[in-house]
Amino acid sequence: GTLGILPDEWLQRYSLLFKVGDGKNDKLRLSKYHMSVIDELYDNRIANELSFALDEKFERLREFKKIPEIPAPANLEPILRPYQISGYQWLNYLNDVGWGGILADDMGLGKTVQALTMLQHFKTQEEGLRAIVVCPTTLIYNWENEIKKFTPSLTYKIHHGSMRTRDIEELQKANVVITTYGTLRSDIQVLMKILYDYV
């Protein structure tokens, strides 16, 4: 219950932490998006001045070279290119360490099939899958066609248009719900009631 004065040097060193951190209940919480801040503070910390509860997934994320080489599902192994298998394995690695990620590449290099490969693997491992794909209207049927072509074992539902259902039970029956940005905004109250494994 007493007050103290913090040294200027200490305030300068940790000012960024206080700017991006959310202080509640005597703890400071940082978003996953500020991992670089945590990294920098951890590397430059002074012993006994700042303690970190670094869990296993953060350490594994720092050791980026140790991505497990998980085989692709048998039906997809022969058609995936080596870089697509690497992308699929990276997505699985992110799942294992509990982080989200962005799979970015030029158009036409197979990001959709990499994502679908990962979703099919997830469904097999977890014995179930509930995912939602949010895309531009022009890509709805591209996602549908790629599911039919590459991962026909995944069930899907297109959630778009004036005749779409807003029945949560109906939407939850599909492994993958495909919708658009505009529809997501309109139906956010319905879609937020569904707990997805993947967005």
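Residues numbered from 1 in each chain as written. Predicted model: local features only at pLDDT ≥ 70, side-chain atom pairs only at ≥ 80, totals over all residues. Heavy atoms only, no water.

## Some words on the overall build of the protein
Within the protein one finds 9 helices and 5 strands. Helices and strands in the protein line up, N terminus first, as α-β-β-α-α-α-α-β-α-β-α-β-α-α. Considering the protein as a whole, with its 199 residues, one finds that 34% of them fall into the buried category. Taking contacts inside the protein between residues at least 6 apart in sequence as the whole, the part at least 24 apart equals 55%. Total accessible area on the protein is roughly 13400 Å²; 53% of this is exposed by carbon and sulfur atoms. (Helix = DSSP H or I, 4+ residues; strand = E, 2+ residues; numbered from the N terminus. Buried < 20%, exposed > 50% of the residue type's maximum accessible area, 1.4 Å probe, protein only. Contact = heavy atoms within 4.5 Å. Areas by Shrake-Rupley, 256 points an atom, 1.4 Å probe, with all protein chains shown as cover.)

## Overview of the packing of aromatic side chains
Considering all chains together, one arrives at 1 aromatic pair under this definition. Aromatic pair F122 and Y198: ring centres 5.6 Å apart, planes at 85°, arrangement edge-to-face. Pair noted here: F122 is in helix α5 (residues 111–126) and Y198 is in the segment after α9 (188–191), with a separation of 76 residues, a long-range link. By relative accessible area, F122 is classed as buried at 10%. (Phe/Tyr/Trp six-rings, centres within 6.5 Å; stacked < 30°, edge-to-face > 60°.)

## A look at the pattern of salt bridges
Counted according to the given criterion, the structure contains 4 salt bridges. One salt bridge connects D187 with R166, and the closest N-O pair in it is separated by 3.4 Å. Of this pair, D187 sits in the loop between α8 (181–186) and α9 while R166 sits in the loop between β4 (156–159) and α7 (168–172), and the two are 21 residues apart along the sequence. Judged by its relative accessible area of 45%, R166 is partly exposed. Residue K173 pairs with E170 through a salt bridge whose shortest N-O separation is 3.5 Å. K173 sits in the exposed class, given a relative accessible area of 63%. (Salt bridge = Lys/Arg side-chain N within 4 Å of Asp/Glu carboxyl O.)

## Some thoughts on the layout of surface pockets
In this structure, the largest pocket encloses a volume near 1200 Å³. Within the residue set of the lining of the largest pocket, elements represented by two or more residues are α4 (82–97), α5, β3 (131–135) and α6 (140–150). The element contributing the most residues to the lining of the largest pocket is α5, with 6 residues. Taken together, the residues of the lining of the largest pocket break down into 25 nonpolar, 9 polar and 5 charged. (1 Å grid on protein atoms, 1.4 Å probe; cavity = no way out; pocket = protein on both sides within 12 Å on 5 of 7 lines; lining within 4 Å. Points joined across faces, edges and corners; volume = space filled by probe spheres on them. Nonpolar A, V, L, I, M, F, W, Y, C, P; charged D, E, K, R; others polar.)

## What to know about the environment of H121
If you trace the backbone, H121 turns up in helix α5. With relative accessibility at 12%, the residue H121 sits in the buried group. Separated by 33 residues in the primary sequence, H121 and Y88 have C-alpha atoms spaced 9.4 Å apart. When residues no more than four places from it in sequence are discounted, the contact partners of H121 are I70, P73, Y88 and N92. Reaching out from H121, the side chain makes a polar contact with the side chain of Y88 at a distance of 3.3 Å. (Polar contact = N/O pair within 3.5 Å; in protein donor to acceptor, adjacent residues only side chain to side chain.)

## Remarks on the nonpolar core
In terms of nonpolar packing, the biggest core is built from 29 residues, with L119, L129, L154, V176 and I178 touching the most fellow members. At the level of elements, α4, α5, β3, α6 and β5 (176–180) are the ones that each hand at least two residues to this core. For this core, the element with the highest residue contribution is α4, accounting for 7 residues. Once residues within four sequence positions are removed from consideration, V176 is found in contact with L119, L129, A131, V133, I147, L154, T155, Y156 and K157. Grouped together as the second largest cluster of nonpolar side chains are 7 residues, I132, L171, L191 and I194 included. (Core = buried A, V, L, I, M, F, W, Y, C linked by side-chain atoms within 4.5 Å.)

## Topic: unusual backbone geometry
In this structure, E127 is a non-glycine residue whose phi angle is positive, near 55°. Take E127: it is sitting in the loop between α5 and β3. Relative accessible area serves as the criterion here: at 75%, E127 is assigned to the exposed category.

## Quick word on the side chain of R164
Relative to the elements of secondary structure, R164 occurs in the loop between β4 and α7. There is a polar contact of 2.8 Å between the side chain of R164 and the backbone oxygen of G161. Here D187 takes part through its side chain, which lies 2.7 Å from a polar atom of the side chain of R164. The residues contacting R164, other than those within four sequence positions of it, are H159, T183, S186 and D187.

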